[in-house]
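# Overview (structure and organization)
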Amino acid sequence: ANSSDLASFKKPNSPFQPTKPDSELKVEKDGVSDSESKVDSGVPEVPVPADDTPEVLNKALSGLSSRWKNWWVRGILTLAMISFFFFIIYLGPMVLMMIVLCVQIKCFQEIITIGYSVYHSYHLPWFRTLSWYFLLCVNYFFYGETVTDYFFTLVQREEPLRILSKYHRFISFALYLTGFCMFVLSLVKKHYRLQFYMFGWTHVTLLIVVTQSHLIIHNLFEGMIWFIVPISCVICNDIMAYMFGFFFGRTPLIKLSPKKTWEGFIGGFFSTIVFGIMLSYVMAGYRYFVCPVEFNNDSNSFQVDCEPSDLFQLQDYALPSILESITGWTTVRLYPFQIHSIALSSFASIVGPFGGFFASGFKRAFKIKDFANTIPGHGGIMDRFDCQYLMATFVNVYIASFIRGPNPSKVIQQLLALRADQQLHIFNSLKAHLTEKGLSMQNSLF
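The chain has the name Phosphatidate cytidylyltransferase in an unreviewed UniProt entry, where Lates calcarifer is given as its organism. Of the comments in the UniProt record for the chain, the one headed Subcellular location (unreviewed entry) reads "Membrane". Per UniProt, the chain has the following entry under Sequence similarities (unreviewed entry): "Belongs to the CDS family."

Okay, structure coming up:
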């Protein structure tokens, strides 16, 4: 946040700045304090941020109105970000995971900085230190779980990793408990309420940012197509909603975002559906995108190679009679994933924008226009990823509910970690089960 943003936190009517100790706060009959009623009495004024547009763009676009200048700045920076997105896809899944981690840290920093601006005015100890400590703890827990799950053979091969894996959850809990005790010891008389506000602030930020960024990585392991298509659908909806709203927008959509219009919302929806179907058709034909990302223990590297599942095999679908009369076709050849892409595109264009509305309400509550000034014309990284995190959660739930089945390789990994007598017991049980089903062990197992 810029200097004008920080100043807004020091106003007497800020909900995070009590002017009296807790015991002296006067509450009106309806249960709302004077300061809260003043804050909520109207829409907070959003300060105008400093112009962070690069000088070269300012000179090139100096003859345009502010409306068209902003259109060109956003357009040029959007093309640059899309180009960078394609570049990191080319670099492979490992680089994508590192980018997700970097984006997560930057989003966390932008949100915590807002809270720190309030907290710092009281010179209360350890807030920023504890916030980053909790970020470290949560990432240690989630990435430790991921390493144990997807790199099981490597973990079992190295003694230190095997010990860390075995006691991973206990270590994670001990680290969190240390931070919890540090927070209790940092409590300062007369500011308890403010400190617990900030404690909750940190944990909600962790829930929104870290947990959902971890789900993005899980989606990536299912196949890069589950990472690229949802993100691309959100980007497409954002761009097309802006374009339709810019040229045709007349009807306001929601008060939290006055510039959002129904024309942009509807235009973005249909554009995203078409885009999702087309992108899915192109990507479903390449193993590099559809195969799960797995770790090759022989080469100690990631590999993306498999026999594509039925989800990525072209199939014939009969058209409804209405479409048949219009097109003259009786059937159409599609990848089953394209049908799933309609669900992904619909969520990205109907529910996804509510992540942006939520972020708009948050920014208005604290009288800031953007989370940061990282990207000219776009704000901070969090301003660009407010919808992506919600989308990541939906994709993860969708895969678990409708796509993912039992994974034989993971079952085998767990069996290999058992003692010899336990493995033999499971073998005999499986043999008896198959015999009862009338299957020949010689043909089925050997």
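## Describing the pattern of salt bridges
Inspection of the entire model under this criterion finds ten salt bridges. In this structure, Asp 383 and Lys 363 form a salt bridge, with 2.7 Å as the shortest nitrogen-oxygen distance. Taken together, the residues Asp 383 in helix 17 (residues 381-403) and Lys 363 in helix 16 (residues 353-365) connect sequence positions 20 residues apart. The same class applies to Asp 383 as to Lys 363, namely buried. Salt bridges here are not isolated pairs; linked through shared partners, they connect Arg 287, Asp 305 and Glu 307.

## Regarding the state of the cysteines
Defined simply, a disulfide is a covalent bond joining two cysteines at their sulfur atoms. Per the counting criterion, the structure on display carries one disulfide. Each sulfur in the disulfide pair Cys 291 and Cys 306 lies 2.1 Å from the other. Linking Cys 291 and Cys 306, the disulfide has an S-S dihedral of approximately -90° and is accordingly described as left-handed. Taken together, the residues span a long stretch of sequence, with Cys 291 in the loop between helix 13 (287-290) and strand 3 (294-296) and Cys 306 in the loop between strand 4 (301-303) and strand 5 (315-318) at a distance of 15 residues.

## Looking at the environment of Gly 245
Within the element layout of this structure, Gly 245 appears in helix 11 (residues 224-248). Along the backbone, Gly 245 and Ile 266 are 21 residues apart, and their C-alpha atoms lie at a distance of 9.5 Å. What Gly 245 contacts, discounting residues up to four positions off in sequence, is Thr 261 and Gly 264.

## Details of helix 15 (residues 336-350)
Helix length check: helix 15 (15 residues) gives 22 Å between terminal C-alpha atoms against 21 Å at 1.5 Å per residue, within 8%. Within helix 15, burial applies to Pro 336, Phe 337, Gln 338, His 340, Ser 341, Leu 344, Ser 345, Phe 347, Ala 348 and Ser 349. Close packing links the buried residues of helix 15 with helix 11, helix 12 (262-283), strand 5, strand 6 (331-334), helix 16 and helix 17.

## Focus on the packing of helix 15 against helix 17
Where helix 15 meets helix 17, the axes come as close as 11 Å, and the angle between the chain directions of the two elements is 150°. As the angle between them shows, helix 15 and helix 17 are arranged roughly antiparallel. As for the relative orientation of helix 15 and helix 17, their crossing is right-handed in sense. Packed against helix 15, whose contacting residues are His 340, Ala 343, Leu 344, Phe 347 and Ala 348, the element helix 17 presents Leu 390, Met 391, Phe 394, Val 395, Tyr 398 and Ile 403 at the interface. Its residues placed into classes, the contact of helix 15 with helix 17 shows ten nonpolar, one polar and no charged.

Calculation notes
- Numbers given to residues run from 1 along each chain, matching the order in which its sequence is written.
- Note on the predicted model: pLDDT of at least 70 is required for a residue's local features to be given, and 80 or more for side-chain atom pairs to be given and counted; whole-chain, interface and lining totals, by contrast, use all residues.
- Only hydrogens and water are removed before side-chain values are computed, so all heavy atoms of the structure are retained for them.
- UniProt positions are given in the numbering used here, feature names are shortened, and annotations may be inferred rather than shown by experiment.
- Salt bridge, as used here: a side-chain nitrogen of Lys or Arg that lies within 4 Å of a carboxyl oxygen of Asp or Glu.
- Strands are runs of DSSP state E lasting at least two residues, helices are runs of H or I lasting at least four, and both sets are numbered from the N terminus onward.
- The buried label applies to any residue whose accessible area, calculated with a 1.4 Å probe on protein chains only, is under 20% of its type's maximum; exposed applies above 50%, and partly exposed to all values in between.
- Disulfides are defined as pairs of cysteine sulfur atoms found within 2.5 Å of each other.
- The criterion used for residue contact is that any of the two residues' heavy atoms lie within 4.5 Å.
- Multiplying one less than the number of residues by 1.5 Å gives the expected span of a helix.
- Axes here mean lines fitted to C-alpha atoms, for a helix over just the part in contact, with angles spanning 0 to 180 degrees between N-to-C directions.
- Angles are sorted into four bins: roughly parallel if under 35 degrees, roughly antiparallel if over 145, roughly perpendicular if 65 to 115, and oblique for all others.
- Here is the rule for handedness: rotate from the far helix to the near one, and if that takes an anticlockwise turn smaller than a right angle the crossing is left-handed, while a clockwise turn gives right-handed.
- Classification convention: Asp, Glu, Lys, Arg as charged; Ala, Val, Leu, Ile, Met, Phe, Trp, Tyr, Cys, Pro as nonpolar; all other residues, Gly among them, as polar.

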